[in-house]
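Structure assessment
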Amino acid sequence: MTPNERNELLNYIYTAGFAVDDTVLYLDTHPTDKVALQYYHKYNAIRQQAVKEYNTYFGPLTDESVESTTKWTWVEEPWPWEMGR
Amino acid sequence: MWNYEKRLQYPVNITSTNPAMAQVIISQFGGPDGEVGATMRYLSQRYTMPYREVAGLLTDIGTEELAHMEIVSTIVYQLTKNLSIEEIKASGFDKYYVDHTTGIYPVAASGTPFSAAAFQSKGDAITDLHEDMAAEQKARTTYDNILRLVKDPEIVDPIRFLRAREVVHYQRFGEALRIVQDRLDPKNFYAYNPEFDRVKGR
């Protein structure tokens, strides 16, 4: 996987992640809206799959998704305020 | 960014109210050594921290402090639930009640609202980590002071947990300070500020 592919996947997570974030707020005040609920499930699945791929190829996005069993990779990759994330 | 998990880091189930004790314990929410200040301190300091594992520690402890804020708030909430006006008057909780009813607001036990003046983000790795170690000890002392006042085991239990975390955080910040110092000029730790001066560290 190349840095370009990393950026592409991260942008995908930004997009799907925001779709979920925004839908969550709507659902908080419209909990029986079936269309919104379907939209949530669709984008949440997309987001989860993308995050899973990111964890495997580019390092953990959360401290619960460290995959290495030989070293703590959580503090290896750049933090989001460093450029390029 | 953050995700919320719908549970406390440590359970709180307080079955008898005690507004007088709530007014003391609330200091660890919005007081000078409270959890709001703790989380704001670490999450503010981390941006300019040049060593990735130390920035990570600030992120992770800052995140845990958000969870501690929630624990202290939960304790205060449960201690002030379903109060009668008579209980509010008799306990001295009336001075809080008049401004906030039983809403949870970040204040010190004295009633002084939370102030960012209680913490620093100095932009100097050594200075900030010393501040952080001192902050953990100040919070530990406050929890010790609370433990001398509290008898109810349902309150004591989560307070003991929070106190123990202060000690662990102090230890981790001490290790972070060592990590920073190991990368500085061994003859003079103050030769340059790794968060500002353009001198390459290790």
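Each remark here, short or long, concerns the structure printed above.
The paragraphs below set out a description of the structure included in this document.

Rules used throughout
Residues numbered from 1 in each chain as written. Chains lettered and ligands numbered in written order. Predicted model: local features only at pLDDT ≥ 70, side-chain atom pairs only at ≥ 80, totals over all residues. Axes fitted to C-alpha atoms, helices over the stretch in contact; angles between N-to-C directions. Helix = DSSP H or I, 4+ residues; strand = E, 2+ residues; numbered from the N terminus. Parallel < 35°, antiparallel > 145°, perpendicular 65-115°, else oblique. Left-handed = near helix turned anticlockwise from the far one by under 90°. Contact = placed C-beta atoms within 7 Å. Nonpolar A, V, L, I, M, F, W, Y, C, P; charged D, E, K, R; others polar. Core = buried A, V, L, I, M, F, W, Y, C linked by C-beta atoms within 7 Å. Buried ≥ 20, exposed ≤ 12 C-beta atoms within 10 Å, placed from the backbone.

**Thoughts on the packing of helix 3 (residues 35-45) of chain B against helix 7 (residues 125-149) of chain B**
Residues and elements named next belong to chain B. Two numbers describe how helix 3 lies on helix 7: the axes approach to 11 Å, and their chain directions differ by 165°. The orientation of helix 3 with respect to helix 7, classified from their angle, is roughly antiparallel. Where helix 3 crosses over helix 7, the two elements pack in a sense that is left-handed. Here Ala38, Arg41, Tyr42 and Gln45 of helix 3 lie close against helix 7, whose contacting residues are Asp128, Asp132, Ala135 and Ala139. Residue composition of the contact of helix 3 with helix 7, grouped by class: 4 nonpolar, 1 polar and 3 charged.

**A word on the environment of glycine 59 of chain A**
Residues and elements named next belong to chain A. For glycine 59, the location among the structural elements is in the segment after helix 2 (34-58). Along the backbone, glycine 59 and proline 78 are 19 residues apart, and their C-alpha atoms lie at a distance of 10.0 Å. Not counting residues within four places of it along the chain, the set of residues in contact with glycine 59 comprises Thr73, Glu76 and Glu77.

**As for the nonpolar core**
One recurring pattern in soluble globular proteins: nonpolar side chains tend to sit buried together. All names here are of chain B. Counting residues in each nonpolar core, the largest one holds 38 residues, and the members touching the most others are Ile25, Val54, Leu58, Val72, Ile75 and Val76. Put simply, the parts of the chain that give this core at least two residues each are helix 1 (19-25), helix 3, helix 4 (52-79), helix 7 and helix 8 (153-182). Looking at this core, the element that brings in the most residues is helix 4, giving 11 residues. Ignoring any residue separated from it by four or fewer positions in sequence, one finds leucine 58 in contact with Tyr42, Gln45, Arg46 and Met49.

**A word on the packing of helix 4 of chain B against helix 8 of chain B**
Residue and element names in this part refer to chain B. Running from N to C, helix 4 and helix 8 cross one another at 165°; their axes reach a closest spacing of 11 Å. With respect to each other, helix 4 and helix 8 are oriented roughly antiparallel. As for how helix 4 packs across helix 8, the hand of that crossing is left-handed. Residues Glu53, Val54, Leu57, Ile61, His68, Ile71 and Ile75 of helix 4 pack against Ile155, Pro158, Leu162, Arg165, His169, Arg172, Ala176, Ile179 and Val180 of helix 8. When the residues that make up the contact of helix 4 with helix 8 are grouped by side-chain class, the tally is 11 nonpolar, 2 polar and 3 charged.

**With respect to unusual backbone geometry**
All names here are of chain B. Positive phi, close to 50°, is recorded for asparagine 82, a residue that is not glycine. With respect to the helices and strands, the residue asparagine 82 is situated in the loop between helix 4 and helix 5 (85-91). Its identity as a non-glycine residue notwithstanding, threonine 101 has a phi of 50°, on the positive side. With respect to the helices and strands, the residue threonine 101 is situated in the loop between helix 6 (94-100) and helix 7.

**Describing the environment of phenylalanine 58 of chain A**
Residues and elements named next belong to chain A. Structurally, phenylalanine 58 can be placed in helix 2. Taking the number of C-beta atoms within 10 Å as the measure of exposure, phenylalanine 58 has 17 and is therefore partly exposed. Placed 19 residues apart in sequence, phenylalanine 58 and tyrosine 39 show a C-alpha to C-alpha distance of 28 Å. Residues in contact with phenylalanine 58, not counting those within four places in the same chain, are Met1, Arg6 and Glu77.

**Quick word on the interface of chain A and chain B**
With 5 residues of chain A at the interface, the matching set in chain B holds 6 residues. A per-class count over the side of chain A that touches chain B returns 4 nonpolar, no polar and 1 charged.

**Some details on the environment of glutamine 78 of chain B**
Residues and elements named next belong to chain B. Its place among the elements puts glutamine 78 in helix 4. Since 18 C-beta atoms lie within 10 Å of it, glutamine 78 is described here as partly exposed. Taking the C-alpha atoms as reference points, glutamine 78 and isoleucine 14, separated by 64 residues in sequence, lie 6.0 Å from one another. In this view, glutamine 78 contacts Val12 and Ile14; residues no more than four positions away in its chain are not counted.

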